[in-house]
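Chain residues, written in single-letter form:
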Amino acid sequence: MNALGIVLAVLSLTSIFDAHGTGRLVQLFCLLKKEFLFQTSVFNYPSPIPPRKRNYPMYTILKVRLRFRMLVGLSSLMGVLVGSTVVFSQETDITQAPNTENAGIQKSLAEQIGPGRGDIETRGSSQYLIARDPFRSIRRGRNLFQRKFTFEQGLGPRTGDGVGDIAAEGSIGAGLVDSCAGCHGRPRGAAGFGGVVFTRPDSRDAPHLFGLGLVEMLADEITHDLRRIRAEATAKAQSSGSVVARELVSKGIRYGRIRVNPDGSVDPSNIQGINPDLRVRPFFHEGGTISIREFVVGALNAEMGLEAFDPDLVQASTGGKVVTPAGMVLDGSLDAIESPPAISESDDPDLDGTANEIPVSVVDHLEFYLLNYFKPATGRQTRNSQKGRKLFENIRCTGCHIPSLVIAKDRRVADVETVYDARRGIFNRLFATAIPLLQEMPGSGNPSVKQPKSQSFVVKNFYADFKRHNLGSNFWERNFDGTLTKEFMTEPLWGVGTTAPYGHDGRSINLWSVIMRHGGEAQEARDRFARLSNGKQSQILDFLESLALFPPDDTASNLNPGDPRELNFPQKGHGNIALPTLFNDPTDLE
């Protein structure tokens, strides 16, 4: 059994021992780790970056958040695993800024790019690492997410250098940052939330990127379910010569109904919450982008002035079908796919004198990082918060904020479950358990190929329905061309307890005010909340506040449980999510 196999076996054992047994086993593992490996720091997973410029205002903010969270998330995840170095929201690498603490990204940008995409036989390439050393790819993606890019590396200018028709291209108001973590860096070291961006007259608030891969997979599976229903109805209508009506239901979510005529034409007038093409677009508040990959490439361009040439998006945007290294199927014959800003490695669309600013291997690592980026935590539960959860259901908020959904085939290589644990959560009272979701393929070379098990996975505490809703004029959004956007995707509530301010525009200062802001389709649920006593309202707020984000570098885990007796605690010894322990070579830090 190789080193990874031993580590995975230990992790598997810890999941079946009692709390004390698990603690002793993990402590033993960590002692061995400290002797054999470097200390590790963050186990962060991926989050997407928006597509290039379509519907850019909303797209830009989500893109920035996703991009930064993605990068931050990857950085965090990677940081935990790679070393004892403390990881912040943004980082430079030690080849650019050496220091006594040896703090920062351990590899130069050239080393992170490596030999490019290559294939699973090209050592060090993105496809090789994703297939044979997946946790290193996650960590690398995280560090790229946190990397502070330089002008020499192609940073800037922003769209039109901030000049142009902002009504036609909202990214003009997006600003310019030097790191994905510049917008997606809260909590510290995480692909989390950030500030507001001037891509709408009343601003756009960037959401966090925790659990981004789960969001992409759920939306994609729902899309396939709905399109299968349409295809079956079409075949029935054509064979029977009569009109066929079908309910559009996936994962318990109702999207209205369709009527298919004998000639195969579809009446979409009763479809609810999505476009007539039945594609769920989970990214951006208005529902504008399909995939993490489009989101990443778009955000790099719009918020950082970094143009990527991505052959996958080029092929898909021109009608082709591709499967990305992270396993996402992009079919240009079925969906409009965002084209990348550069159409070749020699293309320099922003005319800044630097071509191939973001090589495809960088996009691969960022996508894989965000696919695997961990989901939000479940914070401290009290009697009040438990009562609040039931009240939340009783007043029918769960009509749109559906608590849990099931993924049929999980493409991730690991899951991280983070919960309140007063004993083991030695710094922030949270403890994370990393659970591998991969299998090694024997006889596939050295090191072996490690593939996702592609099993089903229950996404708990999600609280969303992947539909657009009209929540009344309090939520309507002005556009630069004078029009109003009235429908928005249901915001997942996981992490909501730590992401103030609220609303797609960041105009609500606390949870109570954003609930009271609801109207339109949510008017009745809002009124039921308003009629509750102050005490019962507080119980619902206590429940929502328990849905939390967390800093991976400060959260103890089964990969590094920490030790409060360590010298200089809590600057050291506070534990973290240490991905490097899962590298093929844990001594080679990222």
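Residues numbered from 1 in each chain as written. Predicted model: local features only at pLDDT ≥ 70, side-chain atom pairs only at ≥ 80, totals over all residues. Heavy atoms only, no water.

Re the nonpolar core
As a rule of thumb, nonpolar side chains are buried together in soluble globular proteins. If you look at the biggest cluster of nonpolar residues, it comprises 89 residues, and the most contacted ones within it are Phe135, Tyr255 and Phe466. At 11 residues, helix α7 (residues 212–240) tops the list of elements feeding residues into this core. (Core = buried A, V, L, I, M, F, W, Y, C linked by side-chain atoms within 4.5 Å. Buried < 20%, exposed > 50% of the residue type's maximum accessible area, 1.4 Å probe, protein only. Helix = DSSP H or I, 4+ residues; strand = E, 2+ residues; numbered from the N terminus.)

Description of α7
Two residues of an α-helix separated by three or four positions point the same way, owing to the 3.6 residues in each turn. End to end, α7 covers 42 Å across 29 residues, agreeing with the expected 42 Å (1.5 Å per residue, within 8%). A positive phi of about 75° marks Gly241, the residue just after α7. (Expected span 1.5 Å × (residues − 1).)

Let's talk about helix α11 (residues 383–394)
With 12 residues, α11 should cover 16 Å at 1.5 Å per step; its first-to-last C-alpha distance of 17 Å lies within 8% of that length. If you follow the buried residues of α11, they end up packed against α14 (534–545). Within two residues after α11, Arg396 carries a phi angle of roughly 70°, on the positive side. (Contact = heavy atoms within 4.5 Å.)

Considerations on the packing of aromatic side chains
Under the definition given, this model contains 15 aromatic pairs. Note on Tyr373 and Phe374: the rings are 4.3 Å apart at their centroids and 35° apart in plane angle, and the pair reads as tilted. Per residue, the accessibility class of Tyr373 equals that of Phe374, and both read buried. Connected via pairs of aromatic rings, a cluster forms that spans Phe145, Phe210, Tyr369, Tyr373, Phe374 and Phe550. If you follow Lys467 out to its NZ or CZ, it ends over the ring of Tyr255, 5.7 Å from the centre. Above the ring of Phe475, the side-chain terminus of Arg517 is found at 4.3 Å from the ring centroid. (Phe/Tyr/Trp six-rings, centres within 6.5 Å; stacked < 30°, edge-to-face > 60°. Lys NZ or Arg CZ within 6 Å of the ring centre and 35° of its normal.)

A short note on the side chain of Asn560
Position of Asn560 relative to the elements: it lies in the segment after β20 (556–557). Judged by relative accessible area, Asn560 falls into the buried class, the value being 9%.

Some details on the pattern of salt bridges
Across all of its chains, the model carries 41 salt bridges by this definition. Here Asp421 makes a salt bridge to Arg424, at a shortest N to O gap of 2.8 Å. The class for Asp421 is buried, based on a relative accessible area of 14%. Judged by relative accessible area, which is 21%, Arg424 ranks as partly exposed. The network of salt bridges with common partners includes Lys107, Asp133, Arg136, Arg140, Asp588 and Glu590. (Salt bridge = Lys/Arg side-chain N within 4 Å of Asp/Glu carboxyl O.)

Considering the pairing of strand β11 (residues 430–436)
For β11, a buried count of 5 out of 7 residues is recorded, marking the element as mostly surrounded by other parts of the structure. As defined by bridge partners, β11 adjoins β20 across 2 bridges and the pair is classed as parallel. Considered in β20, the bridge of Ala432 is made with Ser557. (Pairing = 2+ DSSP bridges.)

Some remarks on the side chain of Gln112
Within the secondary structure layout, Gln112 lies in helix α4 (residues 109–113). Judged by its relative accessible area of 0%, Gln112 is buried. Beyond its immediate sequence surroundings of up to four residues, Gln112 is in contact with Ile105, Lys107, Arg140, Asn143, Leu144, Arg147 and His365.

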